[in-house]
Structure formats: structure tokens, C-alpha cells
Amino acid sequence: MPEMVGDWRRLWGISAYRVLIAAVIGVLVQLPASETIIDLGGHARLLRVLTLVAVTVSLGYLLALLLRRPVQPRRHAWIQVSTDTLLVLLLLHFGGGVSGPFSILPFLLLVSTASLLRGKSAFVFVWILLALLVAESLLGGMTTMHPPLGQLFIYVLALVAVAVLADSLVISLERGNRLALQRDAEVVNLNALNQEIVQHMDVGVFVLDRQNRVVLSNPVARTLSGYRLWTSAPVAIDMVQPRLATMLRQTTHNDCEMVIPPSGRSPTLQGGAQTLLVRKIALPRSPYRLLLLRDASALRAREREAQLAALGRLAANIAHEIRNPLSVIRHAGNLLGESVETPDSRHLFEILERETVRINAIVESVLEMARPSPAHSEPIALLSWLPTLIAQLQADPLLASMTIVIREISSQLTVYADPAQLRQVFWNLLHNSAQYGVAEDATMCVEIETVRADKETIMVTLRDFGPGVKPEVMERIFEPFFTTNSRGTGLGLSMVRELLRINGGRIDCENHPQGGVLFRIFLPCWCLEAEE
């Protein structure tokens, strides 16, 4: 299709030049003083008529081109070349041959022929034209004196040279045009590919121009920036992220990283703008700059999770190796204890038994963290299930003295989870409160409340009335093996988070404004329409 458009443009261009040349010759021939400008010989009147015919034919042919009649450009090329040849031969015949004023016209004809026909067709026509010119020069012409053979030979040689050069030039131009079109298509495709890649990157991308306007962005960057009035037009970075704009003006380095805290409240900013980690990259020999945006807290969380996962795998391997010798030690201690009767020795063996049981429990917890069982979820009506569970858990001596208050539960609150794993979640949370949530008067009290968070989620809150958690501890409270108790394992809360994740839930923690720690458990809601 682009090649056909090029053919039509070439036809229009040559046809327009033909009209111009025919008009100039026609004006020169029709002037009253034309005989003093051009030697028309005895055929002045005939040449005047012939030039008028040439102008008329050229105008008519240009109109046919504009209407694209016929529709094939190749036919137009042959018609145009044949018509031009006939007119040129007539002008040469009645205008003095190769020695007359129109001897330059065959050179123009050869150039247009090379441009329109190209290749073998052009050269076949060149040789036909040369034969006709030689025949016309030797047999015809308006003068009785034929041109010398040497002059005719040089003229024909010049025509051949012009034909070869014109053909070579046309081929070079066409090759250059094709290459340019190919490069343009590649650039367009590459730009489209780059746009697609940028739009699907998991890193935010801003491209800034010299005026610090965002000329290109992807969805991640638009979300992280907090700006919500996006349009297709460039937007000043001061409007998108004011603090980022301020820090860009303050930094003189081309490549650097910056931490941008959330911007203040603004009608154009979303409420959930995060702390940003921004990398500025200068693009050499380009008026643009590149900004890569990441959520700093999410990035740190992913790094921490990767570290904890590696640590968990290592701990699981170690625990697996400890398990077998620990069982042997425990069994040997039981056998040895049966033959000891003194109270002091019996006390030592009780310590040995207790500590081996404790180590075994730690090993079991580590293995459970490394290879958690899949959830076997089912509907759980909290109104009946939760009070029964709390009554069962308080049979544990550590929880027996704890006051557990369950706020009113709606009969509509039904969660979808694994009952055994959810039991483990509450057991761990209550044990955590028993160890760290003791009030100043040495009492242990926990309040449990259940509400619907949204259409698909139920939130269960568990609050103790202890001293709360320090901020530096709160950041790591769900990390495996992190504990402030010398006898703790640091696995209880991390196991809670993992069990909830398996069941499609989550947990967060904060200090209650009135004292104590508040855990929020989010679980998927079981809807009656899901059964249907």
C-alpha cells in the first residue's frame, strides 16, 4: 500500500513538471517576438499549434491523474511516457532535430522514463527512443542539412549516459525510501513495544521533560504518586508530587536515589500516598529525565520476607536434624529415671523431661512454620463456635486465670476457615496475651469482638490490658524467631500470620489508645448465596 501511494505521488509530480515545461515552451513560442528568441524555422505556425496541444494534453492528463483514471499507476506510467515521446519527437521533427532548440527535451524524457518505468522496462524504452531519434535525425528534421555523424554520436552517447545515471539515481532513491520506511516502521513498533513494557512494569516510571513536566507515566507511578487528576496532557511535577519536585530541585546529581515521605493533604492527592523510594536517571543526549518509583515500605517488606524465608528453611533443616537425637535422649532419660529412687535425682530427671518436651515443641513449631498444612476450610458460625472454643482453651492451666470477655456476636457472622487452624490462631494469641498482656494489678483480661468489616470480610478483634508494645518491637512482632522473652521461641505470632494467610485472612496489630494491645483478625466471610 505505501508503495502504491509512492507511485501515484511520482506520477503527479512528473505530470506537474510536464505542465510547467509545456506552459513555458508554449509561452515562448506564442510570444510576438518568439522568432528572435527561438529559431522556429518555417514551421512556426505548426509549432505554435503543437505546443498548445502539448499544454492541453498535459492539463488533461493531470486531471486524469487526480481522478485516478485508470486505477493502475503502471498503466498511467506507460501512457505518460508514450505521450511524452510522441510530443518530443514531433517537437524535434519540426523544431530543427538534435541541432534545434528542443534538443534538450529527450534528456528530460529519459529522466522521467527512468523514474516512472524503472529497471528493464526503462532501458527497453531508452533504446526504442534512441532508435527513433537516430532515424529522425538521419531521415527527417526541418533543415536540409543533417547533423554530422560525430555530433549525432556524441548526442546519443550523452543520452545513454543520462539514462544510466538517471536509472541508478532512481534506484538509489527508491532503496533509500524503502529503508527509511522500514526504519520508520521499526521505530513505530519499537515505541509501541516500549510503551507496552513501561505500562506493565511493576516499578513506577515517570519521564520528565526540560520543564519538569510528566510526559509519560505508567499505572504504578500514577498510583504511587497519589495524584488523581491525570490527563493525556503533560502535568507539572509540582502538581503530581510537590515534595518530589522540591527534592529534584535540591539535588544536582544526575543519578541518585531519594526517599520521599507522603505529601500533605490536597484535593488532587489520594489519601493513601506511600513513602516513595525514587531513583533519578539522566538520559544522555536527551532532553528527558527518568524517575523510577517504588513503595519503600513494600520494598522493605519483600526484602524482609525473603530473608525470613531463607532463615525459616535453614531453621527447618536444623530442626529436622535435632528431632531424632532428641527423641533418643528423652527415651534414654525415661529409662534411666526408672532406676533412680532418690528425690534429688528424681528432680533432675523431671527437669530433663520438661526441657526435652520444650525443645520438641520448638522443633514441631519450626517444622510447622516451614511446611504448613493446607487449609480444609468450612463454614464456622462464630456465635456458637467461639464461646465453645474459649471454654475449651481455658482448660489450659496458663489460661485458666484469664478473664475473657466475648462481646455480643451477630448470628449472621459466619467465617470460612479451617477450624483446627483457627483454633491454633486463638490459642497462640491468648498465650501471647497471658505472657505479655498482664495488667499492673497482675490481672489478665482479654476482650473479643466480632464485626463485619465489609461485604466479604469479618473482623475479629482481640484486646488485652497490658503495658502495650514498644514501637521498635511492633515493627518486628510477626517476624519468626523474634521475641523479647528469654524463654520464648518467637514463633507464636509468626505462625498466627502464616495460618491466617493459608486461610485467606490476615492480621495486624497496634497499641490501643486506652492501653494494651489490639489484634485485628480479618477472615473471609461465608455468604449464603455462595452455597446456592
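Quick caveat, the model's predicted, so the values are computed rather than measured.

Enquirer: Describe the overall build of the protein, listing the residues and the values that go with them.
Expert: Helix and strand counts for the protein come out as 18 helices and 13 strands. Across the 532 residues of the protein, 38% fall into the buried class. Counting only contacts in the protein whose residues sit at least 6 apart along the sequence, the fraction spanning at least 24 positions is 63%. Just so you have it, the protein exposes about 30,500 Å², and 61% of that area is on carbon and sulfur atoms.

Enquirer: Describe the side chain of Thr-461, with residues and values.
Expert: Within the secondary structure layout, Thr-461 lies in strand β11 (residues 457-464). Beyond its immediate sequence surroundings of up to four residues, Thr-461 is in contact with Glu-447, Ile-448, Glu-449, Leu-518, Phe-519 and Arg-520.

Enquirer: Report on the pairing of β11, specifying residues and quantitative values.
Expert: Summarising burial for β11: 8 of the 8 residues are buried, a large majority. Both faces of β11 are covered, namely the face carrying Thr-457, Met-459, Thr-461 and Arg-463 and the face carrying Ile-458, Val-460, Leu-462 and Asp-464. For strand β10 (residues 445-454) and β11, the ladder comprises 8 bridges, and the chain directions are antiparallel. What sits directly across from Asp-454, in β11, is Thr-457. Counted between consecutive antiparallel strands, the loop separating β10 from β11 contains 2 residues. Two strands pair when backbone bridges link them, and β11 and strand β13 (residues 517-524) are joined in this way by 7 bridges, in the antiparallel orientation.

Enquirer: Kindly report on the nonpolar core, identifying the contributing residues and their values.
Expert: If you look at the biggest cluster of nonpolar residues, it comprises 44 residues, and the most contacted ones within it are Leu-382, Phe-426, Leu-429, Leu-430, Phe-519 and Ile-521. Listed in part, the 23 residues of the second largest apolar core include Ile-25, Leu-109, Leu-110 and Val-156.

Enquirer: For helix α13 (residues 382-393), give the residues involved together with the corresponding values.
Expert: Between the first and last C-alpha of α13 there are 16 Å, a value that for 12 residues agrees with the 16 Å anticipated at 1.5 Å per step. Here α13 has its buried residues at Leu-382, Trp-385, Leu-386, Leu-389, Ile-390 and Leu-393. Looking straight down α13, one finds its buried side chains confined to an arc of 125°; they lie on one side.

Enquirer: So, empty space enclosed by the protein: which residues are in play, and what are the values?
Expert: Inspection of the entire model under this criterion finds 1 cavity of 30 Å³ or more. Put simply, the largest cavity is a space of about 40 Å³. Around the largest cavity sit Arg-18, Val-57, Tyr-61, Ile-79, Gln-80, Thr-83 and Asp-84, which together line it. Counting residues per element, the ones that place at least two in the lining of the largest cavity are α3 (44-67) and α4 (73-94). The element contributing the most residues to the lining of the largest cavity is α4, with 4 residues. Within the lining of the largest cavity, the residues separate by chemical class into 3 nonpolar, 2 polar and 2 charged.

Enquirer: Go over the packing of helix α15 (residues 419-436) against helix α17 (residues 492-502) with me, naming the residues and quoting the values.
Expert: The interhelical angle for the contact between α15 and α17, taken along N-to-C directions, is 155°, at an axis separation of 9 Å. Taken as axis vectors, α15 and α17 run roughly antiparallel relative to one another. Along this stretch, α15 crosses α17, giving a crossing that reads as left-handed. Along its contact with α15, which presents Gln-421, Gln-424, Val-425, Asn-428, Leu-429 and Asn-432, the element α17 presents Gly-492, Leu-493, Met-495, Val-496, Leu-499, Leu-500 and Ile-502. Partitioning the contact of α15 with α17 into residue classes produces 8 nonpolar, 5 polar and no charged.

Enquirer: Summarise the sheet that holds strand β5 (residues 276-282); cite the residues concerned and give the values.
Expert: With respect to topology, 6 strands assemble into an open sheet ordered β3-β2-β1-β6-β5-β4, the strand pairing being antiparallel. The sheet is open, and its two borders are formed by β3 (235-236) and β4 (256-260), each paired with just one other strand. Of the strand pairs in this sheet, β4 and β5 are connected by 5 bridges, and their pairing is antiparallel. What sits directly across from Glu-257, in β5, is Arg-279. Lying on the sheet, helix α10 (residues 242-250) is in contact with β1 (204-208), β4, β5 and β6 (289-295); it crosses β4 at an angle near 145°.

Rules of the game
- Residue positions within a chain follow its written sequence, with the count starting from 1.
- Only residues with pLDDT of at least 70 get local features here, since the model is predicted, and only at 80 or more are side-chain atom pairs given and counted; chain-wide, interface and lining totals rely on the full set of residues.
- The basis for the side-chain values is all heavy atoms of the structure; hydrogens and waters are excluded.
- Helix and strand labels come from DSSP, where a helix needs a run of H or I of at least four residues and a strand needs a run of E of at least two; each type is numbered from the N terminus.
- Each residue is placed in one exposure class: buried if its accessible area under a 1.4 Å probe, protein chains only, is under 20% of its type's maximum, exposed if it is over 50%, and partly exposed if it falls in between.
- Contacts were defined at the residue level, with two residues in contact if any of their heavy atoms lie within 4.5 Å.
- Reported accessibility uses the Shrake-Rupley method at a 1.4 Å probe radius. Residues are deemed covered only where the shown protein chains occlude them.
- Any two strands with at least two DSSP-identified bridges between them are counted as paired.
- The set of buried Ala, Val, Leu, Ile, Met, Phe, Trp, Tyr and Cys residues whose side-chain atoms join them within 4.5 Å is what this entry labels a nonpolar core.
- Helix span, as expected, comes to 1.5 Å for every residue beyond the first.
- Here the arc refers to the set of directions running from the helix axis out to each C-beta atom.
- Grid points spaced at 1 Å over the protein atoms alone were grouped into cavities, where a 1.4 Å probe fits but cannot get out, and pockets, open sets with protein on both sides within 12 Å along at least five of seven lines, with lining residues defined by an atom within 4 Å of a point.
- Grid points are joined across faces, edges and corners, and a volume is the space filled by probe spheres set on the points.
- Throughout this entry, Asp, Glu, Lys and Arg are counted as charged residues, while Ala, Val, Leu, Ile, Met, Phe, Trp, Tyr, Cys and Pro are counted as nonpolar. The remaining residues, Gly among them, count as polar.
- With axes taken as lines fitted to C-alpha atoms, and helix axes fitted only over the stretch in contact, angles between N-to-C directions fall between 0 and 180 degrees.
- Oblique is the label for every angle not falling under 35 degrees (roughly parallel), over 145 degrees (roughly antiparallel), or within 65 to 115 degrees (roughly perpendicular).
- Handedness of each helix crossing follows the sense of rotation of the near helix against the far helix: counterclockwise by less than a right angle gives left-handed, clockwise gives right-handed.

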